[in-house]
Amino acid sequence: MRENALRNILLPLGVTALFIAAWHYSIIYFKVPNYLVPTPWAVLLSLKQGLIGGVLWPDIWATTSALVLGYVAGCSMALVLATLVSEFQLLNRAIYPLVVAFQSVPKVALAPLIIVWFGFELQSKVVMVALICFFPCFVNAVVGFRSCNPNLIDLYRAFGASRMQILFSVKWPSALSTIFAGLEISIVLALLGAVVAELVASRRGLGHVIEASTVDFNVAMIFACVIVLAAIGVISTQLIMWLRRRIAFWDHQTTTTIVT
Amino acid sequence: MPTPYPPTKTPSGATLSLREIALTYSTSRGPLPALGPLSIDVENGEFVAVLGPSGCGKSTLLKILSGLLQPSAGQAFLGGTIIDKPRQDVGIVFQQPTLLPWKNVRDNVLMPVRVLGIYSPAYRKKADELIEMVGLDQFAQHYPHELSGGMQQRVAIARGLIHEPKLLLMDEPFAALDALTREQMILELQAIWERTGKSVVFITHSIPEAAFMADRIVVLSSRPGRVIHIENVGLARPRGLESMAAPEFVAICDRLRRLFTVKDPAHA
Ligand SMILES: Nc1ncnc2c1ncn2[C@@H]1O[C@H](COP(=O)(O)OP(=O)(O)OP(=O)(O)O)[C@@H](O)[C@H]1O
Ligand SMILES: [Mg+2]
C-alpha cells in the first residue's frame with residue numbers, strides 16, 4: 001500500500017523532472033529562440049508574476065465563473081430534459097433523435113455565432129459552456145434512466161407507489177452513476193468551451209490572456225496559462241469524482257476513467 | 001360489472017382462487033398466448049409449488065397474482081375479492097434479489113411499509129426480527145453490494161414478509177444460488193413458513209425443490225401454460241434433508257420428471 005503510494009507519486013514526479021531537464025537542455029543545445037519556446041525558468045517567473053504577483057487572478061476568476069455557471073446551467077437543463085424524455089414516450093420520440101443528431105455537430109464551430117448573439121462578455125461564454133456540457137450529460141442521463149432495473153419498478157408498483165415516487169426513489173438513484181459519468185465528461189468539455197469562447201472574442205479570462213500574449217510573443221505567459229488551465233481541469237474533475245464517490249457510493253465503477 | 005364468479009362462489013377457506021385465467025401478450029409480431037386458461041385454488045396456509053418448463057408463463061402468472069398484470073380472461077380472487085390492482089396483503093420475492101443498492105439491509109426490508117405509507121417505529125423492530133430470522137443480524141447496516149448473492153436473497157425474503165402479507169409469492173427465488181446455499185435456503189424457507197403459517201405460491205423449475213417444500217405441486221404445460229397435473233405431496237412435516245432419500249419422495253420426483261420427458265420430444 002505504502003510502496004504503491006510512493007510509486008504513484010514519485011514516478012510521475014520523476015518523469016516531470018526528466019521532462020523539464022530535457023526541455024531546458026534542448027533549448028540550449030538546439031539554440032531555440034526565446035520567442036518560440038520559453039525556458040522552464042521563464043515559465044516559472046510568469047507563473048509567479050501571475051499567481052503571486054496577482055496579474056492572472058481576475059482572468060482565472062473570469063474563466064472559472066464562466067465554467068461553473070455554464071456547467072451548472074447546461075447540466076441541469078440536460079438532467080431536466082432527460083427526466084422528461086424518459087418519463088414521456090411522446091417527448092422521447094420527438095426530441096431524442098434530434099438531440100442525438102445535433103450531438104455530432106462540433107459545438108466550438110458555433111462560437112463565433114454565439115458571440116454575435118450574446119456579445120463579448122460573460123453571457124456568451126456561459127452559453128458556449130452550457131451548450132457543450134449539455135449533450136454528454138443528457139445522453140448519459142437518458143441511458144441511465146433506461147437501464148433502471150424493471151423488477152425494481154415492478155416491486156414499487158406492487159406496493160402501490162405513484163409515478164413520482166418511482167421516479168425519485170428508483171429511477172433517479174439508479175441513473176446516478178451513469179449521470180456522474182456524463183458529468184465527468186462534461187466538466188472536461190466545459191473548460192474547453194470556456195477557453196474557445198475566450199480565444200475567439202473576450203476581454204477577460206485565461207483564453208484571452210493566451211490570445212493577447214501571442215500578439216507580443218510572450219510565450220512564457222502562454223505556457224503559464226496552459227499550466228493554470230490544466231490545474232483547473234484537474235481540480236474540477238477530481239471534485240466531480242469525489243462527489244460521485246460520496247453520492248453514488250454503492251457503484252463499483254467509481255475508479256474507471258472515462259474516454260471522451 | 002357482474003363477474004361470473006362472485007366472491008361468494010369461491011371455495012370456502014381458499015385464500016387464493018384463480019378462475020379460468022388466461023393472458024395473451026400483444027407483441028409486434030401479433031398476439032402471444034402466454035398463459036392458461038387455468039384454474040388453481042390455494043387454501044389458507046397452504047404451500048403450493050408451480051412447476052413448469054421455461055417460458056410457460058410462470059412469471060406471468062405471478063405478475064397476475066400480484067396485481068401487476070391484468071389477465072386477458074378470467075378472474076383471480078384473493079380472500080374473496082378480485083385482484084384488479086397491486087395489493088397490500090401480498091408479499092413478492094423475485095428471482096433476482098432486486099434490492100435497492102443505495103439502502104442498507106434494514107432500509108431495504110422496510111421499503112414496502114415506507115412505500116405503503118404505513119411505517120411506524122414498531123416496524124423497525126419487526127424488521128430487525130425478520131433480519132435475525134434470516135440470519136443476517138450482523139448485517140443490518142450493510143449495503144447490498146457488501147453481501148453475497150444468497151444473503152441478498154434472504155434480505156428479499158425478509159422484505160417480502162415485513163408487512164405481514166397473507167400470501168407470499170416467490171418466483172424461482174433460489175434459481176441463482178449454488179447448490180449448497182440453495183439447500184440451506186430451502187430449509188430456512190420451510191422453517192419460516194412453518195413459523196408464520198402463510199399461504200405460499202412458490203414458482204420453480206426444480207422438481208426436488210418443489211417436492212421437498214410443497215403441500216401441492218401444480219404442473220404446467222409448455223406455453224401457453226395450463227395445468228397438466230396436480231401432485232399432492234403427503235410427506236410428513238417438518239421435512240429434513242433425509243426425507244429427500246425417502247422412497248415416497250423419490251417416487252414423486254420420478255413421476256413429475258416423466259411428465260416432462262413425455263411432453264418434450266427432445267428429451268425422449
Ligand atoms: N412483456 C412481455 N411481452 C411479450 N411477451 C412476453 C412478455 N413477458 C413474457 N412474454 C412471453 O410470455 C411467455 C411466458 O413468459 P414468462 O416470463 O411468464 O415465462 P416463465 O415461465 O416465467 O419462464 P422462465 O421459467 O424461463 O422464467 C414467454 O414466451 C415470453 O416470451
Ligand atoms: Mg420466469
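(A) Main features of the packing of helix α3 (residues 57–87) of chain A against helix α10 (residues 219–247) of chain A. Residue and element names in this part refer to chain A. Remark: α3 packs on α10, axes separated minimally by 12 Å, with the N-to-C direction vectors making an angle of 35°. Helix-helix and strand crossings are classified by hand; for α3 and α10 the assignment is right-handed. In this structure, α3 contributes Ile60, Thr63, Thr64, Leu67 and Tyr71 to the contact, and α10 contributes Val228, Leu229, Ile232 and Ile240. Split by residue class, the contact of α3 with α10 holds 7 nonpolar, 2 polar and no charged.

(B) Up close: the site of ligand 1. All names here are of chain B. Every one of the 14 residues lining ligand 1 counts as a neighbour, but Ser54, Gly55, Lys58, Ser59 and Thr60 are closest to it. At 2.5 Å, a side-chain N or O of Ser54 approaches an oxygen atom of ligand 1. Thr60 is positioned with one of its side-chain polar atoms (N or O) 2.5 Å from an oxygen atom of ligand 1. Expressed as a share of its isolated accessible area of 630 Å², the protein-covered part of ligand 1 is 63%. Of all the secondary structure elements, the ones that give two or more residues to the shell around ligand 1 are β1 (14–27), β2 (30–43) and α1 (58–65). Top contributing element to the shell around ligand 1 by residue count: α1, with 3 residues. Looking at the shell around ligand 1 residue by residue, the classes come out as 4 nonpolar, 7 polar and 3 charged.

(C) Here's a closer look at the interface of chain A and chain B. Every contact between the two is made by 18 residues of chain A and, on the other side, 21 residues of chain B. Looking at the side of chain A facing chain B, the largest losses of area belong to A:Leu155, A:Phe159 and A:Trp250, adding up to 35% of the total buried there. At the boundary of chain A with chain B, the tally comes to 1 salt bridge. We note a salt bridge from B:Lys63 to A:Asp154, for which the minimum N-O separation is 3.6 Å.

(D) Representation of a nonpolar patch on the surface. Residue and element names in this part refer to chain A. Residues Leu6, Ile9, Leu10 and Leu13 make up a contiguous nonpolar surface patch of about 410 Å² in total accessible area. You can see Leu13 is positioned in helix α1 (residues 2–30). The class for Leu13 is exposed, based on a relative accessible area of 53%.

(E) Fine view of the packing of α3(A) against helix α8 (residues 163–200) of chain A. Residues and elements named next belong to chain A. Between α3 and α8, the least distance of the axes is 8 Å, while the angle of their chain directions is 145°. Between α3 and α8 lies a crossing of right-handed hand. Here α3 contributes Ala62, Thr63, Leu67, Tyr71, Cys75, Leu79, Thr83, Ser86 and Glu87 to the contact with α8, which in turn contributes Arg163, Leu167, Lys171, Trp172, Ile179, Leu183, Ser186, Ile187, Ala190, Leu191, Ala194 and Glu198. Looking at the contact of α3 with α8, its residues break down into 13 nonpolar, 4 polar and 4 charged.

Cut-offs applied
- Residues numbered from 1 in each chain as written.
- Chains lettered and ligands numbered in written order.
- Predicted model: local features only at pLDDT ≥ 70, side-chain atom pairs only at ≥ 80, totals over all residues.
- Heavy atoms only, no water.
- Axes fitted to C-alpha atoms, helices over the stretch in contact; angles between N-to-C directions.
- Helix = DSSP H or I, 4+ residues; strand = E, 2+ residues; numbered from the N terminus.
- Left-handed = near helix turned anticlockwise from the far one by under 90°.
- Contact = heavy atoms within 4.5 Å.
- Nonpolar A, V, L, I, M, F, W, Y, C, P; charged D, E, K, R; others polar.
- Near = heavy atom within 4 Å.
- Polar contact = N/O pair within 3.5 Å; in protein donor to acceptor, adjacent residues only side chain to side chain.
- Areas by Shrake-Rupley, 256 points an atom, 1.4 Å probe, with all protein chains shown as cover.
- Buried area = accessible area lost by both parts, 1.4 Å probe.
- Salt bridge = Lys/Arg side-chain N within 4 Å of Asp/Glu carboxyl O.
- Patch = residues over 30% accessible without salt bridge, like charges linked within 9 Å, V, L, I, M, F, W, Y side chains within 5 Å.
- Buried < 20%, exposed > 50% of the residue type's maximum accessible area, 1.4 Å probe, protein only.

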